[in-house]
Amino acid sequence: MPIDWKHYDPAPFFDELMEGAGQPRAAARAVADYLATLDDAELQGRKQAADNAILEMGISFTVYSEGENIDRAWPFDIIPRVIPRREWEQVAAGLEQRMTALNLLIDDIYNEQRIFRDGVIPRYVLEQSRNFREQCVGIHPPHGVWAHICGSDLVRAGDGQFHVLEDNLRVPSGVSYMLENRQVTKRVLPELFQNSSILPVDEYPAQLFDMLASISPRPQDYPEIAVLTPGIYNSAYFEHSFLAQRMGAELVEGADLMVGDDDCVYMRTIDGPERVDVIYRRIDDAFLDPEAFNPDSLLGVPGLMRAWRKGNVGLANAPGAGVADDKVMYAFIPEVIRYYLDQDPIIPNVPTWLCSDDEHRQYVLDHLDELVVKPANESGGYGMLVGPHASKKQRSEFAKLIRRDPRNYIAQPTLDLSVAPTLCGAEIEPRHLDLRPFILQGVRTDVTAGGLTRVAMRKGSLVVNSSQGGGSKDTWIVDEED
């Protein structure tokens with residue numbers, strides 16, 4: 001039997017494709033109508049074709065389990081998420097605004113620190129930040145940009161409005177899956193691409209190359225760019241190799257690079273040392289340079305910070321950018337936008353309680369069964385408490401953690417995340433999702449047309465991370481039909 005959208009019920013949540021029983025949203029009408037022409041066998045055939053394509057293309061991610069690394073095929077749902085272009089243009093403007101303000105904030109933190117002197121952000125937020133790097137004080141990177149690549153996580157609440165859930169400024173990942181999702185969808189739903197106006201995403205590697213080239217210390221058409229990876233056992237290694245290949249850049253590990261007596265960075269080759277102009281680093285600050293940070297690191301390049309400080313190599317993202325990645329700092333970003341840009345935020349934050357504030361902390365402790373509590377510096381959905389789904393014992397243990405280190409925790413309401421139709425076995429069911437667009441900033445700013453939509457594949461779950469059972473969808477930005 002074909003899909004009968006009249007029997008699809010996303011209530012009480014905002015649905016990305018359907019605005020009522022049997023009523024697709026204008027931008028999603030072509031998708032909904034086409035899917036309704038496929039019977040069960042055809043739908044399952046498309047799903048199997050997608051799974052086969054993912055295996056053939058080698059799209060994988062790594063799960064760390066009990067000390068072992070397990071490579072798994074990328075979990076993918078064939079029903080795309082559709083966002084109207086008119087709406088997306090507003091979101092993109094909001095992301096550009098936010099990225100500009102974040103970079104002004106980081107530059108201020110490592111230089112004049114006006115925002116603290118003027119009382120916009122309490123100084124304790126910086127003093128207790130785990131991602132503030134003393135080694136970066138006084139540095140002025142090219143164009144005043146510290147965070148060149150950002151992946152901001154967006155969610156829709158019940159009113160259908162996008163909110164920023166968090167910013168990822170240290171080593172944001174996932175863009176390769178956005179690009180591969182599009183290729184897989186083109187394979188399994190080619191008819192829709194012939195008849196729909198879908199904004200492309202495949203220009204991202206070229207935009208990334210241009211942004212990296214813009215921070216090269218040696219102006220030239222084709223600077224030597226390297227992607228610095230921790231190695232094959234890193235969970236995002238697929239992405240590191242994917243982006244290096246797409247950009248025509250070198251994929252290197254720390255041992256492949258050295259800093260010469262002239263404080264320039266060189267790559268070891270069979271023909272001798274070759275100078276590197278820009279490094280797209282996928283290694284955390286702490287392991288980037290054993291001279292400047294963790295002396296036991298075997299992943300980084302001794303002297304790299306020295307070369308960067310002297311302007312002999314470009315680094316993206318710049319060391320220290322993670323100071324604005326802190327979830328406590330996140331709570332102040334609306335005021336940061338007003339302070340530096342004299343503008344109201346285009347995209348609002350999710351309401352946030354800071355456990356370092358006495359009144360906020362008491363509210364959080366009194367309402368743990370209603371809130372989502374997150375550590376300030378974790379990522380990937382780790383270390384968090386989803387209050388409504390937690391046991392009494394888990395909430396009690398979290399209360400102890402909050403009291404022990406209140407600065408390390410924030411809380412947010414349990415949002416009614418939007419849903420989208422998802423193929424679950426033989427059924428189409430609503431599943432919660434978020435969206436990670438990617439923003440590039442160098443001499444100009446580029447925002448992806450959509451981003452990586454992550455889906456909580458387990459019924460009722462709000463956790464979208466692939467390492468914890470999540471999947472993904474292709475994200476389409478389309479013009480609404482007249």
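Reading guide: rules and limits
- Residues numbered from 1 in each chain as written.
- Predicted model: local features only at pLDDT ≥ 70, side-chain atom pairs only at ≥ 80, totals over all residues.
- Heavy atoms only, no water.
- Helix = DSSP H or I, 4+ residues; strand = E, 2+ residues; numbered from the N terminus.
- Rg over C-alpha atoms; globule rule 2.2 N^0.38 Å.
- Buried < 20%, exposed > 50% of the residue type's maximum accessible area, 1.4 Å probe, protein only.
- Areas by Shrake-Rupley, 256 points an atom, 1.4 Å probe, with all protein chains shown as cover.
- Lys, Arg positive; Asp, Glu negative; His and termini not counted.
- Charge placed at Lys NZ, Arg CZ, Asp CG, Glu CD.
- Pairing = 2+ DSSP bridges.
- Polar contact = N/O pair within 3.5 Å; in protein donor to acceptor, adjacent residues only side chain to side chain.
- Salt bridge = Lys/Arg side-chain N within 4 Å of Asp/Glu carboxyl O.
- Patch = residues over 30% accessible without salt bridge, like charges linked within 9 Å, V, L, I, M, F, W, Y side chains within 5 Å.
- Core = buried A, V, L, I, M, F, W, Y, C linked by side-chain atoms within 4.5 Å.
- Contact = heavy atoms within 4.5 Å.
- Axes fitted to C-alpha atoms, helices over the stretch in contact; angles between N-to-C directions.
- Parallel < 35°, antiparallel > 145°, perpendicular 65-115°, else oblique.
- Phe/Tyr/Trp six-rings, centres within 6.5 Å; stacked < 30°, edge-to-face > 60°.

*Asks:* Mind showing me how you'd approach the overall build of the protein chain here?
*Replies:* Counting its regular elements, the protein chain contains 14 helices and 24 strands. Radius of gyration (C-alpha) of the protein chain: 23 Å, near the 23 Å computed for a compact globule of 482 residues. Summarising its shape, the C-alpha atoms of the protein chain cover approximately 70 × 60 × 50 Å along the three principal directions. Out of the 482 residues belonging to the protein chain, those deemed buried represent 56%. As displayed, the protein chain has an accessible area near 20400 Å², and 47% of this comes from carbon and sulfur atoms. With 47 positive and 74 negative side-chain charges, the protein chain shows a spacing of 4 Å between the two charge centroids.

*Asks:* Teacher, can you tell me more about the sheet that holds strand E17 (residues 385-386) here?
*Replies:* Sheets are built from strands paired through backbone hydrogen bonds, the pairs being either parallel or antiparallel. Strand order in the open sheet formed by four strands is E15-E18-E16-E17, with antiparallel pairing between adjacent strands. The two strands at the open ends of the sheet, each matched to only one other strand, are strand E15 (353-354) and E17. Examined bridge by bridge, strand E16 (residues 371-375) and E17 share two bridges and lie antiparallel to one another. Along E17, the bridge assignment pairs Val 372 with Val 386.

*Asks:* Even after reading the chapter, I still don't get the side chain of Ser 214, so can you show me in this structure?
*Replies:* Examined against the element boundaries, Ser 214 turns out to sit in the loop between helix H8 (204-213) and strand E8 (225-228). Assessed through its relative accessible area of 18%, Ser 214 is described here as buried. A distance of 2.6 Å separates a polar side-chain atom of Ser 214 from the backbone oxygen of Met 211.

*Asks:* Please explain the sheet that holds strand E10 (residues 257-259) as it appears in this structure.
*Replies:* Spatial ordering of the open sheet is given by E10-E11-E12, a layout of three strands whose pairing is antiparallel. Taken across any chain shown, the strands that pair with only one partner, and hence form the sheet edges, are E10 and strand E12 (274-275).

*Asks:* Help me understand the pairing of strand E19 (residues 419-424), please; the structure alone is not making it clear to me.
*Replies:* On any regular strand, side chains alternate: one points to one face of the sheet, the next to the other face. Here E19 lies mainly inside the structure; six of its six residues are buried. By the alternation rule, side chains of E19 split into Val 419, Pro 421 and Leu 423 and Ala 420, Thr 422 and Cys 424, which are all buried. In sequence, E19 turns back onto strand E20 (residues 427-436) through a hairpin of two residues, with Gly 425 there showing a positive phi of about 65°.

*Asks:* Where do I start with the environment of Arg 454 in this structure?
*Replies:* Note on placement: Arg 454 falls in strand E23 (residues 452-456). Judged by its relative accessible area of 11%, Arg 454 falls in the buried class. Separated by 3.4 Å, the side chains of Arg 454 and Asp 153 make a polar contact. A polar atom in the side chain of Arg 454 sits 2.8 Å from the side chain of Asp 434.

*Asks:* When you look at the pattern of salt bridges in this model, what are you seeing that I'm missing?
*Replies:* Pairing between side chains of opposite charge can happen when their charged atoms approach one another. For the coordinates displayed, the defined rule picks out 33 salt bridges. Here Asp 51 ties to Lys 47 by a salt bridge, and the two come within 3.4 Å at their closest N and O atoms. Placement of the pair is Asp 51 and Lys 47 together in helix H2 (residues 40-57), with a separation of four residues, close to one helical turn. With relative accessibility at 27%, the residue Asp 51 sits in the partly exposed group. The partner of Arg 85 in a salt bridge is Glu 89, with the nearest N and O atoms 3.3 Å apart. With a gap of four residues between them, Arg 85 and Glu 89 both fall in helix H3 (residues 85-109), about one helical turn apart. A relative accessible area of 32% means that Arg 85 is categorised as partly exposed.

*Asks:* Quick question: what am I supposed to make of a negative patch on the surface here?
*Replies:* A cluster of like negative charges, contributed by Asp 39, Asp 40, Glu 42 and Glu 427, occupies part of the molecular surface. Looking at the secondary structure, you find Glu 427 in strand E20.

*Asks:* Sorry, what's going on with the nonpolar core here?
*Replies:* Within the largest apolar cluster, 130 residues are counted, with the highest numbers of intra-cluster contacts made by Leu 105 and Leu 208. Ranked by residues supplied to this core, first place goes to H3 with ten residues. Among residues more than four places away in sequence, those in contact with Leu 105 are Ile 115, Ile 121, Ala 324, Met 329, Ile 333, Val 336 and Tyr 340. Core analysis: the second largest hydrophobic core is formed by 14 residues, Leu 365, Leu 368, Ala 399 and Ile 402 among them.

*Asks:* How should I be thinking about the packing of helix H13 (residues 358-366) against helix H14 (residues 392-404) in this particular structure?
*Replies:* For any two helices packed against each other, the geometry is given by the interaxial angle and the distance between the axes. At a minimum axis separation of 10 Å, H13 and H14 run at an interaxial angle of 170°. Overall, the two elements H13 and H14 adopt an arrangement that is roughly antiparallel. Contacts between H13 and H14 pair Arg 361, Val 364 and Leu 365 from the former with Ala 399, Ile 402 and Arg 403 from the latter.

*Asks:* Even after reading the chapter, I still don't get the environment of Met 267, so can you show me in this structure?
*Replies:* Inspection of the secondary structure puts Met 267 in strand E11 (residues 265-267). Judged by relative accessible area, Met 267 falls into the buried class, the value being 5%. The spacing of Met 267 and Gly 20 is 247 residues in sequence and 58 Å in space, taken between C-alpha atoms. With near-sequence residues (within four places) excluded, Met 267 lies in contact with Glu 224, Glu 250, Val 252, Asp 256, Leu 257, Gly 272, Pro 273, Glu 274 and Val 276.

*Asks:* Sorry, what's going on with the packing of aromatic side chains here?
*Replies:* Note on aromatic pairs: each is described by the distance of the centres and the angle between the planes. This structure, assessed with the given rule, holds eleven aromatic pairs. Seen in terms of ring centroids, Tyr 110 and Trp 146 are 4.9 Å apart; in terms of plane orientation they differ by 25°. Their pairing is stacked. Here the residue Tyr 110 occupies a position in the loop between H3 and helix H4 (114-117), and Trp 146 occupies one in the loop between helix H5 (123-127) and strand E6 (149-156), the gap between them amounting to 36 residues. Comparing Tyr 110 with Trp 146 shows no difference in burial state: the two are buried.

*Asks:* What is the right way to look at the pairing of E23 in this model?
*Replies:* Across the five residues that make up E23, a large majority, five, are buried. Burial along E23 is two-sided: Leu 452, Arg 454 and Ala 456 facing one way and Thr 453 and Val 455 facing the other are all buried. Alignment of E20 against E23, held across four bridges, turns out to be antiparallel. Bridge pairing links Leu 433 to Val 455 in E23. Of the pairings in the sheet, the one linking E23 to strand E24 (residues 470-478) comprises four bridges and is antiparallel in character. By the bridge assignment, Thr 453 is partnered in E24 with Lys 473.

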